[in-house]
Amino acid sequence: MYSDGRSSLEGRPMFTSATPGDPDAAFVRFDDPTSPGLGDAVRAGYLVRTRTDSPTADARANDTSDREVAFASGAQFLSTDYYEPSQYFDSPYVVRFENGAVARCNPVTAPPTCTDDQLQE
């Protein structure tokens, strides 16, 4: 309903999750960080969200493979429930950048001059 009556979201205060190429596409969601098209969407300038893990499965198995793919994907928003280790099952699985940083240079789109310490200021 939010986009009804307009071919794009011009003049609207928010944007919706859309399909790349649609006139209202600014933000796109890929639940699986290995999804085809995720990297293309990042390089095309979309705001991209992906998950770092599947609900409970990766954390229970302490499987960091999807987390590492998500970190390398260039997606600007990474979703997880495991910013701290789970208190409900015994696993060290956690999603954090090195040194507890909350931001870092984008591994796909950042200029070569970007350094993570610039983002912490």
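The structure this text deals with has already been given above.
Cut-off values and rules
Residues numbered from 1 in each chain as written. Predicted model: local features only at pLDDT ≥ 70, side-chain atom pairs only at ≥ 80, totals over all residues. Heavy atoms only, no water. Helix = DSSP H or I, 4+ residues; strand = E, 2+ residues; numbered from the N terminus. Buried < 20%, exposed > 50% of the residue type's maximum accessible area, 1.4 Å probe, protein only. Contact = heavy atoms within 4.5 Å. Areas by Shrake-Rupley, 256 points an atom, 1.4 Å probe, with all protein chains shown as cover. Lys, Arg positive; Asp, Glu negative; His and termini not counted. Charge placed at Lys NZ, Arg CZ, Asp CG, Glu CD. Arc of directions from axis to C-beta. Disulfide = S-S within 2.5 Å. Pairing = 2+ DSSP bridges. Axes fitted to C-alpha atoms, helices over the stretch in contact; angles between N-to-C directions.

A.B. asks: Which residues make up the overall build of the protein chain, and what values do they have?
C.D. replies: Regarding its fold elements, the protein chain presents four helices and three strands. On the principal axes, the C-alpha backbone points of the protein chain span a range of 50 × 35 × 25 Å. By the burial criterion, 30% of the 121 residues in the protein chain qualify as buried. Sequence separation of 24 or more characterises 41% of the internal contacts of the protein chain that already satisfy a separation of 6 or more. Within the structure as shown, the protein chain displays about 7900 Å² of accessible surface, and the carbon and sulfur contribution to it stands at 50%. Mean positive and mean negative side-chain charge positions of the protein chain (10 and 19 charges, respectively) differ by 4 Å.

A.B. asks: How would you sum up helix 3 (residues 65-73)? Please name residues and give values.
C.D. replies: Within helix 3, burial applies to Arg67, Ala70, Phe71 and Ser73. Each buried residue of helix 3 sits inside an arc of 160° when the element is viewed along its axis, so together they form one side. Where helix 3 is buried, its residues meet helix 1 (38-43), strand 2 (47-51) and strand 3 (77-79). A positive phi of about 90° marks Gly74, the residue just after helix 3.

A.B. asks: Which residues make up the state of the cysteines, and what are the values?
C.D. replies: Within the structure shown, the criterion is met by one disulfide. Through a disulfide, Cys105 is tied to Cys114; the S-S separation comes to 2.0 Å. Between Cys105 and Cys114, the S-S dihedral sits near -85°, and the bridge is therefore left-handed. By relative accessible area, which is 13% here, Cys105 ends up buried.

A.B. asks: Could you give me a rundown of the sheet that holds strand 1 (residues 27-30), with the residues and numbers involved?
C.D. replies: Ordered by their spatial adjacency, three strands build an open sheet running 1-2-3, and the pairing between neighbours is parallel. Two strands bound the open sheet, and with one partner strand each, they are strand 1 and strand 3. The average undirected angle you get between the axes of adjacent strands in this sheet is 20°. Relative to strand 3, strand 2 is paired through three bridges, and the arrangement is parallel. Residue pairing in the sheet places Thr50 in a bridge with Leu78 of strand 3.

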